[in-house]
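The chain contents come next:
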Amino acid sequence: MNGTVNDRFAQVASCLTPALYRAVQPYFSKLENSVQEIRLRAERPLALVCQNAVYYLTCGGGLTDLPCGDCLTVKSAELDEVFARICEYSVYARQREIVNGFVTLRGGHRAGVCGTAVVRDGEIVNVRELSSVNLRVSREHRGCAEALFRQIKGGRGGVLLCGEPCSGKTTVLRDLARLISLSDGQSVSLIDERGELAACFRGVPQNDVGLCDVFDGYPKAEAMQQAVRTMSPKTVLCDEIGGEADALAAAQCVNSGVRLIATAHARDPEELYARRSLRGVLETGAFGTLVFLKGRAQAGEIAQTVKAGVRNAA
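Since this is a predicted model, take the numbers as computed values, not measurements.

Engineer: Help me understand the pairing of strand β9 (residues 123-136), please; the structure alone is not making it clear to me.
Structural biologist: In the case of a regular strand, side chains alternate between the two sheet surfaces. Two elements, strand β1 (residues 35-41) and β9, share five bridges in a ladder whose sense is antiparallel. Paired with R41 across the bridge in β9 is S132. Pairing of strand β8 (residues 110-120) with β9, which is carried by 10 bridges, proceeds in the antiparallel orientation. Its bridge partner lying in β9, C114 is registered against S132. Hairpin geometry of β8 and β9 is characterised by an intervening segment of two residues between the two adjacent antiparallel strands and by a positive phi of about 55° at D121.

Rendered as structure tokens:
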């Protein structure tokens, strides 16, 4: 991908076809600090999703906040070409990511994909006839986790960072990893299953994650267990925990005296405890503190912090 780390909008836009890239290019400087997603839907208008607005490109080179007949439409062939580009023309090599609904891009960005599922024995084994690609712009905000870091510094219990999609969970977790790894000489293992946190390229993190030992591309549960066995961490951090395998790995962290900090999709305590996929993880006792973020409009800001087991907090 082209572009610099300081120009992340352009970096993500480099996945577009040349024609779509030229259409978006005039807005790099104007929207660099606010654009969160480039949404492409087959035979539908291209959308630039910003923090507080959604813009559509017009055929005349302008922006509008309402989809209309003059909007720039993404052709199905263009969508297929973008998909090939995000896979670096090796779709088979990214098959495991594709069936999970996303492809991680260099720089820590993510391309969400959806279309027609190919199901075998009850499991998705491929996705064909793409209908949408969502290019999500990953951003570093150094210092965004300082308030949370001060809250949890010196604590021993684990922390579960919760929020709705695009609420800043990954961004806060990344900065938290940096802060913890640079404090008190702590050994910190960062589990980066999808390459969104450290964004390693040839073994070197492209994002600032301090002095973390990065497990890049490992299946999450296996990496957590390997970290405990091989790197002697005081803290393990991972994104989007859930499921039986993750619960077993979390229990191993607890039993080994390792602090676990992770993220989960949930707006509030009630939603968190209602999620079946997280019940096993919560029952391990790995998390003593639950932190809930405010949401997309105030990404990265803490709404409430509660003790595990508390479902109704002000």
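Engineer: For this particular structure, what's the right way to read the sheet that holds strand β18 (residues 302-307)?
Structural biologist: The strands that make up a sheet pair up through hydrogen bonds in the backbone, lying either parallel or antiparallel. Taken together, seven strands build an open sheet; the order of strands is β14-β11-β15-β16-β10-β17-β18 and the sheet is mixed. The sheet is open, and its two edges are formed by β14 (213-216) and β18, each paired on a single side. Across this sheet, the average inter-strand angle for adjacent strands is 20°, counted without regard to direction. Alignment of strand β15 (residues 235-238) against strand β16 (residues 259-265), held across four bridges, turns out to be parallel. Paired with T235 across the strands is R259, a residue of β16. Here helix α8 (residues 220-230) sits on the sheet in contact with β11 (188-192), β14, β15 and β16, set at roughly 160° to β11.

Calculation criteria
As a convention, each chain's residues are numbered from 1 in the sequence order in which they are written. Reporting of local features is limited, given that this is a predicted model, to residues whose pLDDT is at least 70; pairs of side-chain atoms are given and counted only at 80 or more, and all residues count toward the totals for whole chains, interfaces and linings. As a convention, hydrogens and water are excluded, and side-chain values are obtained from all of the structure's heavy atoms. In this scheme, strands are said to pair when DSSP sees at least two bridges between them. Counting from the N terminus, the helices are DSSP H or I runs at least four residues long and the strands are E runs at least two residues long. The angle between two axes is taken between their N-to-C directions and runs from 0 to 180 degrees, where each axis is a line fitted to C-alpha atoms and a helix contributes only its stretch in contact. Here, two residues are considered to be in contact whenever any of their heavy atoms come within 4.5 Å of each other.

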